[in-house]
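The primary structure of each chain is shown beneath.
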Amino acid sequence: MTDPYLLSARGLAVHRGATCVLHGVDLQIQRGEIVTIVGPNGSGKSTLLRALIGAARATEGEVHRAEGLRIGYVPQKLHIDPTLPLTVARFISLPTRRGDAEIADALHHAGLPDLAGRPMSGLSGGQFQRVLLARALLERPDVLMLDEPTQGLDQQGSAAFYQRIEAVRQELNCAVVMVSHELHVVMSASDRVICLNGHVCCVGTPEVVASAPEYRALFGTGTKGALALYRHTHDHGHDHDHPHADVHHEDHAI
C-alpha cells in the first residue's frame, strides 16, 4: 500500500545533551495542506522542523520522507553582511549558479517579480523574507517549511506574507509546515494546527485546537474569538477521513 503522506514522524525524540527537547512526537503531512506548529518559547518547535528535514538527529523514533521528496526551508534568522555587493539574483543562486528563468520563476511565486537586480542590502524586512521564500521555492518543493518567517514584520507585512504562502500552496500544490508565534493570524491561515510543548499537546483544525483545554492552558482564551476575523477560505478539499480531522489529545500534563 502506498504511503499517503509526504512526511511523517513516529515516536520522535530529540535530546540536546542531557536535555530532552522533544519526546513521543507523532505527525503526518499530506500534500496540499497548511500545517502550523505553535507552542511557547522552548517548546521544541524549531527543533521539530530541523528533525523533519534531517538537520537535527532523532535520538528515538523515526522520520519517514516520501521517495524523492523535495523540501524547501526558510530559516528563522539569516544575517547577511550589508557591505557585500550581493544582488537578489546572485543570493538566490548561492551556492550553485542558477539560470535567469529559474530565478525569475522563484521570484514570481514569492511575489517579487521585479527584484532580481536589487541589492540585498536595500531590501525591506518583508522583501527580505520573500527573497528567502523565493530561494526555498527554487526546487519547486513538495513540502515548504518555514520557521517563524514573519519575525520582525509588522501586522500588515505578516498578513501579506501569509497570503502569499496560501497562493504558493495553490500554485505548487505543495504542503506547507510553519512554525509561528503569531497565533491569531497564522492559525487562521492553517488547515491543521499542532500545539507543541516538548510533546504534541493537541492537534486538529484551528477552531478545535483553540477550544482544547491543553491549548487554552498554554495561551489563554483570547485567540478563539479572533479566528473568525482572519479565517481564510479556499476552493480545494482535504481528506475528511484524515486521522487528525478532529482534535487529538495526548495524555501528558502541561
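Residues numbered from 1 in each chain as written. Predicted model: local features only at pLDDT ≥ 70, side-chain atom pairs only at ≥ 80, totals over all residues. Heavy atoms only, no water.

As named in an unreviewed UniProt entry, the protein chain is Zinc transport system ATP-binding protein, taken from Aliiruegeria haliotis.

J.: Explain the overall build of the protein chain to me, please; I cannot follow it from the model alone.
T.: Helix and strand counts for the protein chain come out as 9 helices and 10 strands. Counting across all 254 residues of the protein chain, residues that qualify as buried make up 48%. Taking the intrachain contacts of the protein chain between residues at least 6 apart in sequence as the baseline, contacts between residues at least 24 apart amount to 71%. Looking at the protein chain as shown, the accessible area adds up to about 12200 Å², and 49% of this sits on carbon and sulfur atoms. (Helix = DSSP H or I, 4+ residues; strand = E, 2+ residues; numbered from the N terminus. Buried < 20%, exposed > 50% of the residue type's maximum accessible area, 1.4 Å probe, protein only. Contact = heavy atoms within 4.5 Å. Areas by Shrake-Rupley, 256 points an atom, 1.4 Å probe, with all protein chains shown as cover.)

J.: Help me out: how do you make sense of the sheet that holds strand β1 (residues 7-16) in this one?
T.: What links the strands of a sheet is backbone hydrogen bonding, and the strands pair in either a parallel or an antiparallel sense. With antiparallel pairing, the 3 strands of this open sheet are ordered in space as β2-β1-β4. The strands lining the two open edges of the sheet, one partner per strand, are β2 (19-29) and β4 (60-65). Here the average twist between neighbouring strands, direction ignored, is 25 degrees. Two elements, β1 and β2, share 7 bridges in a ladder whose sense is antiparallel. Its bridge partner being in β2, Leu 12 is matched across the sheet by Val 25. (Pairing = 2+ DSSP bridges. Axes fitted to C-alpha atoms, helices over the stretch in contact; angles between N-to-C directions.)

J.: Looking at this structure, I do not really get helix α4 (residues 125-136). What am I missing?
T.: An α-helical turn contains 3.6 residues, so any two residues separated by three or four positions project in the same direction. Taking 1.5 Å per residue, 12 residues should reach 16 Å; α4 reaches 17 Å between its end C-alpha atoms and fits that length. Within α4, the full set of buried residues consists of Phe 128, Gln 129, Arg 130, Val 131, Leu 132, Leu 133, Ala 134 and Ala 136. Of the surrounding elements, those touching the buried residues of α4 are β5 (71-74), α2 (88-93), α3 (100-110), β6 (143-147) and α5 (155-172). (Expected span 1.5 Å × (residues − 1).)

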